[in-house]
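What follows is each chain in one-letter form.
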Amino acid sequence: MSRRSAARPDRHPAGPRGDGPRSSIRVAARRTRARYGAGPGTQTGVRGRRPPTGSGGGPGAVSPLLRTAAAYAWRLLVVGAAVYAVFVVLGRFHEVAVAVFLGLVGAALLRPPADLLDRWMPRPLAVACAVVGSIVVLMAVLAGIGETVAVQWQSLVTEFRVGLGRLQGWLDRAPFGMAPGALTDLRERIGSYLTSHRTSLLSTAWDSAGRVAHALTVGALGLFCAVFFIASGERQWNWLCGQLPRGGRDRAQVAGRAAWRAFTGYTHGIVLVAATNAVLVGVALYALGVPLAVPLALLEFFLAFIPLIGSPIALAVAVVVALATKGPLVAALVVALIVLIGQLEGHVLHPLVMSWAVRLHPVVVALSVAAGTIAAGLVGAVVAVPLVSVLWAVRLALRHRAGGG
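Since the model is a prediction, treat every value here as computed from it, not as a measurement.

*Asks:* Sorry, what's going on with helix α4 (residues 94–117) here?
*Replies:* Residue pairs three or four apart in sequence face the same way in an α-helix, which turns once every 3.6 residues. The first and last C-alpha atoms of α4 sit 34 Å apart over 24 residues, in line with the 34 Å expected at 1.5 Å per residue. Of all the residues in α4, the buried ones are Ala-99, Phe-101, Gly-103, Gly-106, Ala-107, Ala-108, Leu-110 and Ala-114.

Encoded structure:
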């Protein structure tokens, strides 16, 4: 044996190849893996410590679905609290909110003619001409309708009396078999009720007069807002966005443009739909000989701003007038008119006219009108659909911007 081999100890002194200290370490490692597991993601080599429960599939683990649901739940609670706070503030200052809404409607309708007049005259004069001209046209229409009602009032009363007598005779026959004089008795009861409750009715009329004055005040404030929105609405919005942090200015600009585009599209579309319905109703009632065709057409125009339920209410009034003055046959034709105009509005006018605005599903529109009516009455029914349209347009614009499209 050489000196080098004698000086170097054997690498495997304990026996055959495979035994020794390294083999013992491998055996210990295999025993540790067999005891605690050594799959992907398991912490080994830390003195045999078990993986923490709750992070994997142990008995204390939380399901990923439950964690996701909890994350969305608290976010929804925060959003719901914020929306509730906004509605509380708007309910506390609902006159101001209605005035601002009317101002926005006026700006959406009158800004195009003001921009057109701005080409030939200074901006303030163009705004004044657009606003004053629209007020003059509206007053002229109302005055014409009032004159029509005043001229036809006496003949309308006579026709109502004759119509009630005709209706009484029709109801006395089969299949109704109403007791003779039932309508006369009902009319006498209504008269006696009005006589006995004259004081309360006068008080109610006085309260209604106060509400009319209140509505006129809100309308004047809305007109004041509309003038400034038409004259310098864009500068006001840029100033408001300039007060925001730098990171939110671009998002606010995108959201504002989308909201205004949706709001103006909806406003122009609903005005055009309401005007078309009013013209159709006025022409049909005039052709059928129903009195007060022009006032009933104007009622149809204003109630058409309430989606789904406005037009049927206006045409129901027309049915009552036709039934009392022209008999059941003409009233049945007016009912057919209700169905025809409803189909035309739902399947032709809205898809064509509202193409530039946000198109909502009819179920969403119905739920929005119902929720707005419950929250704020008639005003809520009018405001609900444009509000939902604006919010949906803002969401789509922000998602498009985030996607980089």
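Having put the structure on the table, let's press on.
*Asks:* Any chance you could explain the pattern of salt bridges here in plain terms?
*Replies:* For side chains of opposite charge, pairing can occur when their charged atoms come near one another. Applying the stated criterion to the full structure yields four salt bridges. Residue Asp-115 pairs with Arg-123 through a salt bridge whose shortest N-O separation is 2.6 Å. Taking relative accessible area as the criterion, Asp-115 reaches 34% and is therefore assigned partly exposed. The class for Arg-123 is buried, based on a relative accessible area of 18%. Three or more residues are tied together by salt bridges with common partners; here these are Arg-111, Asp-115, Asp-118, Arg-123 and Glu-234.

*Asks:* Would you explain the nonpolar core in this entry?
*Replies:* Among the nonpolar cores identified, the biggest contains 16 residues, and Val-281, Leu-285, Val-290, Leu-296, Ala-318, Ala-322 and Val-334 are the most heavily contacted of them. Elements supplying a minimum of two residues to this core: α8 (246–288), α9 (293–303), α10 (310–326) and α11 (328–353). Look past the residues within four positions of Val-334 in its chain and what remains in contact with it is Leu-285, Leu-288, Leu-315, Ala-318, Val-319 and Ala-322.

*Asks:* Looking at this model, I keep getting lost on the packing of aromatic side chains. Mind explaining?
*Replies:* Two descriptors summarise a pair of aromatic rings, namely the distance from one centre to the other and the angle between the planes of the rings. Summed over the entire model, instances satisfying the criterion amount to five aromatic pairs. For the pair Phe-301 and Phe-302, a centre-to-centre distance of 5.4 Å together with 75° between the ring planes defines the contact as edge-to-face. For Phe-302, a relative accessible area of 42% puts it in the partly exposed group. Linked through ring pairs, Phe-101, Trp-260 and Phe-263 together constitute an aromatic cluster.

*Asks:* Explanation requested: the side chain of Ser-368 in the structure shown.
*Replies:* Along the chain, Ser-368 falls in helix α12 (residues 362–402). Overall, the relative accessible area of 11% leaves Ser-368 in the buried class. The contact partners of Ser-368, leaving out residues within four places of it in the chain, are Ala-384, Val-385 and Val-388.

*Asks:* Looking at this structure, I do not really get the packing of α9 against α10. What am I missing?
*Replies:* The axes of two packed helices give the description: the angle between them and the distance between them. One can describe the packing of α9 onto α10 by two numbers: an axis separation of 7 Å at closest approach and a directional angle of 160°. Comparing their axes, α10 and α9 come out roughly antiparallel. Considering the relative orientation of α9 and α10, their crossing is right-handed. Between α9 and α10, the residues in contact are Leu-296, Leu-299, Glu-300 and Leu-303 and Gly-310, Ser-311, Ile-313, Ala-314, Leu-315, Val-317, Ala-318 and Val-321, respectively.

Cut-offs and rules
- Residues numbered from 1 in each chain as written.
- Predicted model: local features only at pLDDT ≥ 70, side-chain atom pairs only at ≥ 80, totals over all residues.
- Heavy atoms only, no water.
- Helix = DSSP H or I, 4+ residues; strand = E, 2+ residues; numbered from the N terminus.
- Expected span 1.5 Å × (residues − 1).
- Buried < 20%, exposed > 50% of the residue type's maximum accessible area, 1.4 Å probe, protein only.
- Salt bridge = Lys/Arg side-chain N within 4 Å of Asp/Glu carboxyl O.
- Core = buried A, V, L, I, M, F, W, Y, C linked by side-chain atoms within 4.5 Å.
- Contact = heavy atoms within 4.5 Å.
- Phe/Tyr/Trp six-rings, centres within 6.5 Å; stacked < 30°, edge-to-face > 60°.
- Axes fitted to C-alpha atoms, helices over the stretch in contact; angles between N-to-C directions.
- Parallel < 35°, antiparallel > 145°, perpendicular 65-115°, else oblique.
- Left-handed = near helix turned anticlockwise from the far one by under 90°.

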